[in-house]
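# Observations on chain architecture
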Amino acid sequence: MDLCLFAEFSFQSLSQYVLNGLLMGALFALIALGYTLVYGIIELVNFAHGDVFMLGCVLTYFLCMFAPEYPTSLIFIPLLLLIVPICCSLLNITINYLVYRPLRKAPRLVPLVSALGVSFVLINVGQMAIGTSPKSIQAQLLPSETNQSSANRETENATRSNEASEELTRPRRSWLTWADILLIGTVIPAMTGLALLVKFTKIGKAMRATAQNPIAARLMGINVEFVIALTFALGGIFAGLAAVVFTLKITTIDYLMGYKNGLYAFTAAVVGGVGSIPGAVLGGILIGLIYSLGAVYIGGAWVDACIFGTLIILLVFRPSGILGTRVREKV
Amino acid sequence: MSQPILELKGVHTSYGVIEVLKGISIKVEPKQIVTVIGANGAGKTTTLMTISGCVPIQKGEILFNGQPIHRTPAHQILKMGLAQSPEGRKIFPRLTVKENLEMGAFTRNDKAGIQQDIEKAYHLFPILKDRQKQLGGTLSGGEQQMLAIARALMSRPKMLLLDEPSLGLAPMIILKIFDAIQELNREGMSVLLVEQNARLALKIAHWGYVLETGTVTMSAAAQELLHDPRVQAAYLGE
Amino acid sequence: MKYFSASSVVAVLVFGLLFLVPNLPLGQLGIPSNLVTELLILTILALGLNVIIGYTGLLHLGIAGVYGIGTVCTGILVTEAFPFQQSFVITLIISTVVTALISMAITAPVLRLRGDYFALVTLGFCEIVVTVLKEFEHITGGKKTLQNLRPPLFPEFLSSLEQSLDLVGKWRIFPIFYYICLGLLLLIFLGLRNLEKSRIGRGFVAIREDELAASAMGLNPAKLKLMAIGIGSGIVGLAGCLFAVHSTNTTEPQVSFTFNVSVIILASVILGGMGSRTGMLVGVLLLLGYDKIGTRLLSDVLSQLPDKPYFKLSSWRYMIFGLVLILMMRFRPYGIIPEKRN
């Protein structure tokens, strides 16, 4: 069987890559949810979202400096999962309030350019915080497996977090690390929680109504600005959760990681259908698979091009994505 | 005479640099149907949107039950008892009929009362009950209009604002809807009806205003307007 | 009379000042002369972006990629590694045209997209271009870059002219190259001025203000947009050529042609106000001038302060550009909001 030229084919490693892809996909999906929620409600591509994620990773990194080693760290991890998402959430709410809210009535490109500006500001903050070279967390928060720590050390020597994709491609002795289990244990409740919130709660229905027709929502007595702020808050929470899990899994962060991962996540949102929550999940998984399998079978450098190519093709031919959302009713 | 339930005094509204409403004054007495008729672009929808707080006012006053509401945010105006069935219905397309109605009751907390009112809505517009689990976007124009009005009623408003309920609908449906409006009015609902179909509107209204490019050019009892030659020429197609 | 409008006066002043710059004691002021030339090259680059955004109303976030194409194209035509080895004048023309054509070809299919989608697609293009430039090393030099770009000024049959004017080798360095860049900038500036006054120019204004109305008037928005992309990209390609010759090598794609660079140029264009050539000129010179030269001057002063990152001006780079974007959009978004312009 001649499937590819770049890597030795073995069923075991293929399934490992697929598994890695699904795990990364879950991460992308978490971040993608932030993009899709905000876009669904105010039709803004929030360029800054990826950098909020990055700052969440930076915060996690700093908090880990105070982390106790395993097994005491097991108390610390829930603390991380509480503090970082809340901080990211507050950051997101603040950005919305200061930058986007005054521009509600402006043409679409104006808040878009502002979002670019916010992204740059956040990147600068990240750069001030951790400098221009990647940083790795030293603490062993999770039970170390021989593979995990040697992977850590080698990741430290890698120059950019892109090269973390090489870490993904290295065959693992064990299928799931503890970081992966944490990932699954975080992502699934988070997404389920969101789905339940949006479908069954009053505020969730208000969010859906506002996304479908903001003027009508106002006429129902819904405080649309509050709903928008809540959406940003939720997006921030997901960015924060993704940040904790990502940092504990990949263990290396750098100040530009928000840009790349943000674009992957946004592509995921578009693939699945921007504005659609299950779409973000589906898209995340697909992009994760492309990311993982692509790194192995077509070489890390072209993975980027592949994913961006996917974004372009989708935007040109099927902007509504797979689980297509209708275009908002024209006012 | 008691105070009007709704009063606009010298209201100016602009979209950007373009002034759409140039100092209009309108009064609705309690339990009246008042209609504002005029051509496209006269400013009818802007008037209702300004009242509901969705469009900011530049100059003038709006009083609801004597209370100034022109600086009040839209979601609070609804809570005060002023509901609108907007231009183009603006149904929530991916919520079911029932959920649309529930959205209308968003500001309420009394589950039992809300259920009661949903049943009342089904009584007023029986077709909605048949379609209660269908998504709003799949309804026909007439059904959507009924849903929009029923949805507006869900907040138990003291006054209803209706923006062109007849637009794009078949005559049979229009009659049904206008019958319903009259029934609501008989039960005590005050109504401000904005319409392009001047004849129908003037037939069911007590008082009428004619709006032309942002100014009120005529104000009289509906029956008078119906028989006024100028109105007949311009709006009644005679 | 319109001829002496405020912006004309400012433009004349600016060009006058620029003309005098080589007479300043740059060395004493601590300003490396190559930075001044680089500033001019970036101004030309920004002018190209201004054409695209100003004439089409489309947000092109991939302009750095187009710049890269121009640079590498020049590199290929000039470097000793390839048999072309053209002169500067020929290379300039070819690079401009080739960049314009490639950019038009790539962008044509996506011109009908909505503003924010178009922006994202150009972003994607930028990244793909960077990857292509990086990976196809045997053509583009990739990370190793194409080296030793030192072409003659004129093609062979004019080489005696070059010698008699004593330009051999000297034309590439300060101050002659500075004047060449300044001359090109002036030419392009005046060319655009005439273009804007022409019928085509008014067509551009029409499609930016209201595309639907413009097509009703018989204009072809798609064709006009493509033309604008072509002209703008050509100018950017020209800037790329100047950049390559000035640096004597192409630079690492992932450093010089990334999205971040696109945004930086965008910020400078926005600061000056789009659609206004003179405003943009001032804005670019101010912002990029500050970024390249001002920081250098100020950091000498600031080196007195303790060695913390937040005291170093270079640490604030991103923030400054970011704030420019945020504040301009908040308070002076003219240019992106056509109806606010008169």
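In this text the structure is predicted, and so the values were computed from the model without any measurement. (Residues numbered from 1 in each chain as written. Chains lettered and ligands numbered in written order. Predicted model: local features only at pLDDT ≥ 70, side-chain atom pairs only at ≥ 80, totals over all residues. Heavy atoms only, no water.)

Residue and element names in this part refer to chain B. Evaluation of the coordinates by the stated rule reveals 18 salt bridges over all chains. Asp117 is the partner of Arg156 in a salt bridge, and the nearest nitrogen-oxygen pair spans 2.8 Å. On the criterion of sequence distance, the pair formed by Arg156 in the loop between helix H6 (141-153) and strand E7 (159-163) and Asp117 in helix H4 (residues 111-124) is long-range, its members being 39 residues apart. (Salt bridge = Lys/Arg side-chain N within 4 Å of Asp/Glu carboxyl O. Helix = DSSP H or I, 4+ residues; strand = E, 2+ residues; numbered from the N terminus.)

Per the stated rule, a full pass over the model turns up 21 aromatic pairs over all chains. Centroid distance A:Tyr255 to C:Tyr318: 6.4 Å. Interplanar angle 65 degrees. Geometry classified as edge-to-face. With one member in each of two chains, A:Tyr255 in the loop between strand E2 (252-253) and helix H11 (257-272) and C:Tyr318 in helix H16 (residues 317-331) form a pair that bridges those chains. With respect to class, A:Tyr255 is no different from C:Tyr318; both count as buried. Taken together, a centroid distance of 4.7 Å and an interplanar angle of 15 degrees make the contact between C:Tyr55 and C:Phe204 stacked. Note that C:Tyr55 is positioned in helix H3 (residues 33-56) and C:Phe204 in helix H10 (residues 199-209), a separation of 149 residues in sequence. Judged on exposure class, the residue C:Tyr55 and its partner C:Phe204 are both buried. These aromatic residues form a ring-pair network of at least three members: A:Phe28, A:Tyr264, A:Tyr291 and A:Phe308. Directly above the aromatic system of B:Phe92 lies the positively charged group of B:Arg151, at a separation of 5.0 Å from the ring centroid. One Lys or Arg, C:Arg114, reaches over the ring of C:Tyr117 and ends 4.7 Å from the middle of that ring. (Phe/Tyr/Trp six-rings, centres within 6.5 Å; stacked < 30°, edge-to-face > 60°. Buried < 20%, exposed > 50% of the residue type's maximum accessible area, 1.4 Å probe, protein only. Lys NZ or Arg CZ within 6 Å of the ring centre and 35° of its normal.)

Residues and elements named next belong to chain C. Summary statistics for chain C give a mean pLDDT of 82 and a share of 92% for residues scoring 70 or more. Put simply, helix H8 (residues 159-164) is where chain C has its lowest mean pLDDT, 71, and helix H5 (residues 88-107) is where it has its highest, 92. Every residue in residues 336-342 scores below 50 in pLDDT, and together they form 16 contacts with partners more than four places removed in sequence or on other chains. (pLDDT = per-residue confidence, 0-100. Contact = heavy atoms within 4.5 Å.)

All names here are of chain A. A positive phi angle, close to 60 degrees, is found at Thr251, a residue other than glycine. By secondary structure assignment, the location of Thr251 is in the loop between helix H10 (224-250) and E2. The exposure class assigned to Thr251 is buried, which follows from its relative accessible area of 4%.

Residues and elements named next belong to chain B. Summarising the sheet, strand E3 (residues 33-37) and strand E9 (residues 207-212) pair through 4 bridges and their orientation is parallel. By the bridge assignment for E9, Val34 is matched with Trp207. Where E9 and strand E10 (residues 215-221) come together, 6 bridges link them in antiparallel fashion. The residue bridging Gly208 from the neighbouring strand is Ala220, located in E10. Between E9 and E10, which pair antiparallel one after the other, the connecting turn spans 2 residues, and Thr213 there sits at a positive phi close to 35 degrees. (Pairing = 2+ DSSP bridges.)

Let's shift gears to empty space enclosed by the protein. Residue and element names in this part refer to chain A. Here the structure, examined in full by the defined rule, presents 7 cavities of 30 Å³ or more. What the largest cavity holds in volume is close to 130 Å³. Tyr35, Phe47, Ser119, Tyr259 and Leu263 are, among the 16 residues lining the largest cavity, the residues nearest its centre. Broken down by element, the residue count for the lining of the largest cavity peaks at 5 residues, all from H11. Split by residue class, the lining of the largest cavity holds 10 nonpolar, 5 polar and 1 charged. Each of domain 1 (46-154 + 173-255) and domain 2 (257-324) accounts for three or more of the residues forming the lining of the largest cavity. (1 Å grid on protein atoms, 1.4 Å probe; cavity = no way out; pocket = protein on both sides within 12 Å on 5 of 7 lines; lining within 4 Å. Points joined across faces, edges and corners; volume = space filled by probe spheres on them. Nonpolar A, V, L, I, M, F, W, Y, C, P; charged D, E, K, R; others polar. Domains from an automatic or database assignment.)

Moving on, we get to the packing of helix H4 (residues 63-78) of chain C against helix H12 (residues 221-247) of chain C. Residues and elements named next belong to chain C. Put simply, H4 and H12 touch, their axes get as near as 7 Å, and they point 50 degrees apart. With respect to H12, the axis of H4 lies oblique. Seen from above, H4 lies across H12 with right-handed handedness. Contacts between H4 and H12 involve Ile63, Val66, Tyr67, Gly70, Thr71 and Thr74 from the first element and Ser233, Val236, Gly237, Ala239, Gly240, Cys241, Phe243, Ala244 and Val245 from the second. Across the contact of H4 with H12, the residue classes tally to 9 nonpolar, 6 polar and no charged. (Axes fitted to C-alpha atoms, helices over the stretch in contact; angles between N-to-C directions. Parallel < 35°, antiparallel > 145°, perpendicular 65-115°, else oblique. Left-handed = near helix turned anticlockwise from the far one by under 90°.)

Moving on: the sheet that holds strand E4 (residues 59-64) of chain B. Residues and elements named next belong to chain B. With antiparallel pairing, 4 strands are arranged side by side in an open sheet as E2-E1-E4-E5. Looking at which strands have only one partner, the edges of the open sheet turn out to be strand E2 (18-28) and strand E5 (67-68). Sheet topology note: the E4/E5 ladder contains 2 bridges and is antiparallel. In the strand pairing of E5, Leu63 is matched with Pro68.

Right, let's get into the sheet that holds E10(B). All names here are of chain B. Pairing is mixed in the open sheet, where 6 strands are placed in the order E6-E7-E8-E3-E9-E10. The sheet terminates laterally at strand E6 (82-85) and E10, the two strands that pair on one side only. The average undirected angle you get between the axes of adjacent strands in this sheet is 15 degrees. Helix-sheet contacts for helix H1 (residues 44-52) involve E3, E6, E7, strand E8 (190-195) and E9, and the interaxial angle to E7 is about 150 degrees. Against the sheet, H6 makes contact with E6 and E7, and its axis sits at roughly 170 degrees relative to E6, the strand it touches most.

Before going further, it helps to spend a moment on helix H12 (residues 277-317) of chain A. The end-to-end C-alpha separation of H12(A) is 21 Å, well short of the 60 Å expected for 41 residues at 1.5 Å each. The largest bend along H12(A) reaches roughly 130 degrees and is located at A:Ile298. (Expected span 1.5 Å × (residues − 1). Bend = angle between axes of the 7 residues up to and from the residue.)

The next point concerns the interface of chain C and chain A. Each side of the interface is counted separately: chain C has 48 residues, and chain A has 43 residues. Roughly 3,800 Å² of surface becomes buried between chain C and chain A when both sides are summed, with 77% attributable to carbon and sulfur atoms. When the buried surface of chain C facing chain A is broken down by residue, C:Tyr117, C:Leu120 and C:Tyr318 rank first, second and third, together holding 17% of it. Of the charged contacts in the structure, one is a salt bridge between C:Asp116 and A:Arg108, with a shortest N-O distance of 3.8 Å. Counting across the chain C and chain A interface gives 5 residue pairs in polar contact (both at pLDDT 80 or more). When residues in the side of chain C that touches chain A are grouped by element, the largest group, 14 residues, is from helix H6 (residues 115-135) of chain C. (Buried area = accessible area lost by both parts, 1.4 Å probe. Polar contact = N/O pair within 3.5 Å; in protein donor to acceptor, adjacent residues only side chain to side chain.)

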